[in-house]
2 protein chains.
Amino acid sequence: MSEVYAARRERLREQCTAGGSAAAVVSQPANVRYLAGASPRGAVLLLGPREDLLLCSKVPTGEPVEGRPDEHLRLQVLGAPDGDAVVAAADLAAAAGAESLAVEEHHLTVARHRALTSVAPRLRLADLGCAVEQLRLVKDDEEISYLRIASEITDQALGELLESILVGRTERHLALELERRLVDHGADGPAFATSVGTGPNSGRGGHRPSDRRVEEGDFLSVCLGANYRGYRCEIGRTFVIGTSPADWQIELYDLVFAAQRAGREALAPGVAYRDVDHAARQVLDSAGYAEQLPALTGHGVGLEIGEDPKLAPTAMGKLDACVPVTVEPGVHLPGRGGVRIDDTLVVRPEADGGPELLTITTKELLAL
Amino acid sequence: MSEVYAARRERLREQCTAGGSAAAVVSQPANVRYLAGASPRGAVLLLGPREDLLLCSKVPTGEPVEGRPDEHLRLQVLGAPDGDAVVAAADLAAAAGAESLAVEEHHLTVARHRALTSVAPRLRLADLGCAVEQLRLVKDDEEISYLRIASEITDQALGELLESILVGRTERHLALELERRLVDHGADGPAFATSVGTGPNSGRGGHRPSDRRVEEGDFLSVCLGANYRGYRCEIGRTFVIGTSPADWQIELYDLVFAAQRAGREALAPGVAYRDVDHAARQVLDSAGYAEQLPALTGHGVGLEIGEDPKLAPTAMGKLDACVPVTVEPGVHLPGRGGVRIDDTLVVRPEADGGPELLTITTKELLAL
């Protein structure tokens, strides 16, 4: 694995050098983990000018470190509790003779930036921009294999829940049970806070589980995902509780299913992000649900659950092969509930069989 | 509750006005929640110049909103998925005639700061600094009552675990069970990732639960806390598994207990943060454990689990009454394990009975 991190750092170094900076300091946590194997809280990666270095402060209580740092990278632990690793990195870069240091202006705070300027006044600070996020966009085989395992774990956890009795249990308990099952099956943890919505809460993106209990006739929607070695997937499904769904439930479900399928089928290398969004959105739009629609119909996944690309009407850019994304349109009718269907897929060329579906739990409307 | 938020905003407004800014934009999430009652992801609070406004973007999937926004505060939802609420706030402030806008330079990124400058070039940007964090330091009765409830929930969850059979169970399962019990007893969730360490992992601050199983003769250390209405407490205890602890276990336990008691007893209004740290630290120091000690022996708690003050050797400042803090010294011996004892207390004057212990689970060395 160590060569992978070194190779990633090498690619970044080439970009920095081309941009006129012999050194860079990476502070965004997922970026640090991508390049160094782990990102203890507040850790930063100093790239060059002489050697690469992972700087971090002593970790306070209740802050577990995820991942394992690249063993070929020197780790320097700072004494101070909130040891300002960015400032220490700038100091080291200046001492090593760097004239220019690229920083992540989209992550670095104004206060830290000022502190850099004062500790190393002769260092010219440049913007690294989202260079690391760009490197992270297309995943390698190992990253995709982690997402595949995360998805298998997620499918298992969800499948087990569906076999249990649901009526009478609260959203909160179902969410906790799903998270416990994720860990039972080998997840490092949930990829994000599990959402379970029943009845009027169903179909709301990001619904926070409440004490409402599952009732006969409810829609039940769940959204969960496993974190496996730092890689996070997402699945969302909606079910009906009881023997026979109402007509409006069947109609709404079929509509969201059609929208989600249209989004999935639009996934291919070279397709614009906004065209994938449009494919899903227009199905709901033309059925009169323009107002109820979420801002995104999907997003990238990887070391973060909501990373680039964004599948949204104003998003710029085109899909590449080996980019994992969610497709997750939904409609929520205030007071009544709704439907959300969400998969994680990897973009693949048609010659390779088209998009690879990672979350394979059925999308039939199950009556539980 | 609404008047509380308005009063907090009024105090901040007075400070801003005194600093020469008629308007401020608060972006740090816990600060937004403190002033507005809730902080949806990416939400910012615009304070003045004409009215106060909570700006947020549509919330993406898997991002539950905690808290309930102050109903007397106008909420403006932005259309874009990653709608830049800070920039929108600056735009509104400029349109409303503000000449100067105070921002949280310790939270605002360099990139956002540049965007503000470009959207409102005539607006003078000032630094709000940690003004809101300072307001948050001393808690009111309601905040302390939330911490008291959070601590009761935490004591209950821990107490139940101690009644169950522990040998043979993994750290991971014990941690999940504790988190489930927190929620069962009414927590909104865990205050931070629950840490359970057994045998050689015991006593490590922030140990991430592994698949190691509890064995006879182990030290078992746990660190957990409930989040109740946004307020987070922390408790840490160490137990021995089996009938009779070894001599080294009793000695180490007694030592850490003495250090923790010294720290607790040092808590009083007017005492320097570093003196509390020193009281606890010197006990361990003089027993020869200087190298093994954590950077902090305690910290403030509230809307964040690790907030000001920091109880550390170089910390500046003095305790006030009604400041809740943890006291949590520990020693970890590599390969053998260790002890950590952690309480949440509220600083009170001696006339009121001295420090109020919120986490009341026994600190005897229990053999389980």
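Residues numbered from 1 in each chain as written. Chains lettered and ligands numbered in written order. Predicted model: local features only at pLDDT ≥ 70, side-chain atom pairs only at ≥ 80, totals over all residues. Heavy atoms only, no water.

By the naming in an unreviewed UniProt entry, chain A goes by Aminopeptidase P family protein and is assigned to Streptomyces mesophilus.

### Focus: the UniProt feature "domain: Peptidase M24" (unreviewed entry) in chain A
Here the UniProt feature "domain: Peptidase M24" (unreviewed entry) sits at residues 147–348 of chain A. Here residues 147–348 of chain A runs as 31% helix and 23% strand, with 15 Å between its end C-alpha atoms. (UniProt positions renumbered as here; feature names shortened; annotations may be inferred. Helix = DSSP H or I, 4+ residues; strand = E, 2+ residues; numbered from the N terminus.)

### Re the packing of helix H3 (residues 85–95) of chain B against helix H4 (residues 110–119) of chain B
Two quantities define a packed helix pair, namely the angle between the axes and the distance from one axis to the other. Residues and elements named next belong to chain B. Axis separation between H3 and H4 bottoms out at 9 Å; the angle between their running directions is 30°. When the axis of H3 is compared with that of H4, the two are roughly parallel. By crossing handedness, the relation of H3 to H4 is classed as right-handed. Residues Val86, Val87, Ala90 and Asp91 of H3 touch H4, and the partners they reach there are Arg112, Ala115, Leu116 and Val119. Residue composition of the contact of H3 with H4, grouped by class: six nonpolar, no polar and two charged. (Axes fitted to C-alpha atoms, helices over the stretch in contact; angles between N-to-C directions. Parallel < 35°, antiparallel > 145°, perpendicular 65-115°, else oblique. Left-handed = near helix turned anticlockwise from the far one by under 90°. Contact = heavy atoms within 4.5 Å. Nonpolar A, V, L, I, M, F, W, Y, C, P; charged D, E, K, R; others polar.)

### Details of the confidence of the model for chain A
Scored by pLDDT, chain A comes out at a mean of 92, with 96% of its residues at no less than 70. Confidence over residues 60–64 of chain A falls short of pLDDT 50; this stretch has 17 contacts with residues more than four positions distant or in other chains. (pLDDT = per-residue confidence, 0-100.)

### Some words on the pattern of salt bridges
Pairing is possible between side chains of opposite charge, provided their charged atoms come close. In total, this model carries 52 salt bridges over all chains according to the counting rule given. The partner of Glu356(A) in a salt bridge is Arg348(A), and the shortest N-O contact between them spans 2.7 Å. Here Arg9(B) makes a salt bridge to Asp52(B), at a shortest N to O gap of 3.0 Å. Pair noted here: Arg9(B) is in helix H1 (residues 2–18) and Asp52(B) is in the loop between strand S2 (44–47) and strand S3 (53–57), with a separation of 43 residues, a long-range link. Taking the relative accessible area as the measure of exposure, Arg9(B) reaches 5% and is therefore buried. Each member of the salt-bridge network shares a partner with another, and the members are Arg9(A), Glu10(A), Arg13(A), Asp52(A) and Asp70(A). (Salt bridge = Lys/Arg side-chain N within 4 Å of Asp/Glu carboxyl O. Buried < 20%, exposed > 50% of the residue type's maximum accessible area, 1.4 Å probe, protein only.)

### With respect to the environment of Ser210(A)
Residues and elements named next belong to chain A. By the element assignment, Ser210 lies in the loop between strand S8 (195–198) and strand S9 (219–224). The exposure class of Ser210 is partly exposed, given its relative accessible area of 22%. Put simply, Ser210 and Ser244 are 34 residues apart on the chain and 25 Å apart in space, counted from C-alpha to C-alpha. Setting aside its immediate chain neighbours within four residues, Ser210 contacts Thr170, Glu171, Arg172 and Asn201.

### A few points about the side chain of Ser202(A)
With respect to the secondary-structure elements, Ser202(A) resides in the loop between S8 and S9. Residues in contact with Ser202(A), not counting those within four places in the same chain, are Gly197(A), Phe219(A), Leu220(A), Ser221(A), His332(A), Gly337(A) and Gly338(A).

### Notes on the sheet that holds strand S9 (residues 219–224) of chain B
Residue and element names in this part refer to chain B. Strands sit in the order S8-S9-S12 across an open sheet of three strands; the sheet is antiparallel. Strand pairing shows two members of the sheet lacking a second neighbour, strand S8 (195–198) and strand S12 (235–240), which therefore form its edges. Within this sheet the neighbouring strands show an average axis-to-axis angle of 10°, counted without direction. The strands touched by helix H6 (residues 141–162) within the sheet are S9 and S12, with S12 carrying the most contacts at an inclination of about 15°. (Pairing = 2+ DSSP bridges.)

### As for helix H9 (residues 273–285) of chain B
Two residues of an α-helix separated by three or four positions point the same way, owing to the 3.6 residues in each turn. A rise of 1.5 Å per residue sets the reference length of H9(B), with its 13 residues, at 18 Å; its end C-alpha atoms lie 18 Å apart and thus fit the reference within 8%. Buried within H9(B) are the following residues: Tyr273(B), Val276(B), Asp277(B), Ala279(B), Ala280(B), Arg281(B), Val283(B) and Leu284(B). (Expected span 1.5 Å × (residues − 1).)

### Considering the domain arrangement of chain A
Accessible area lost upon the coming together of the parts serves often as the stated size of an interface. All names here are of chain A. Split by domain assignment, chain A resolves into domain 1 (2–135) and domain 2 (138–357). Each of domain 1 and domain 2 has a C-alpha centre, and these two points are 34 Å apart. Interface area for domain 1 against domain 2, summed over the two sides, is near 680 Å², with a carbon-plus-sulfur share of 40%. By the criterion of area lost to domain 2, the three top residues of domain 1 are Ala30, Arg33 and Tyr34, representing 44% of everything that side buries. One can count two salt bridges joining domain 1 with domain 2. Note that Arg8 and Glu143 form a salt bridge whose closest N and O atoms lie 3.8 Å from each other. Inspection of the region where domain 1 meets domain 2 yields three residue pairs in polar contact (both at pLDDT 80 or more). Elements that contribute at least two residues to the side of domain 1 that touches domain 2 include exactly helix H1 (2–18) and helix H2 (29–36). When residues in the side of domain 1 that touches domain 2 are grouped by element, the largest group, three residues, is from H2. (Domains from an automatic or database assignment. Buried area = accessible area lost by both parts, 1.4 Å probe. Polar contact = N/O pair within 3.5 Å; in protein donor to acceptor, adjacent residues only side chain to side chain.)

### Digging into the packing of aromatic side chains
Geometrically, a pair of aromatic rings is defined through the distance of the ring centres and the angle of the planes. All names here are of chain A. Here the structure, examined in full by the defined rule, presents six aromatic pairs over all chains. Taking 5.8 Å as the distance between ring centres and 45° as the angle between the ring planes, the aromatic pair formed by Tyr146 and Tyr231 counts as tilted. Of this pair, Tyr146 sits in helix H6 (residues 141–162) while Tyr231 sits in strand S11 (residues 231–232), and the two are 85 residues apart along the sequence. Each member of the pair, Tyr146 together with Tyr231, is buried. (Phe/Tyr/Trp six-rings, centres within 6.5 Å; stacked < 30°, edge-to-face > 60°.)

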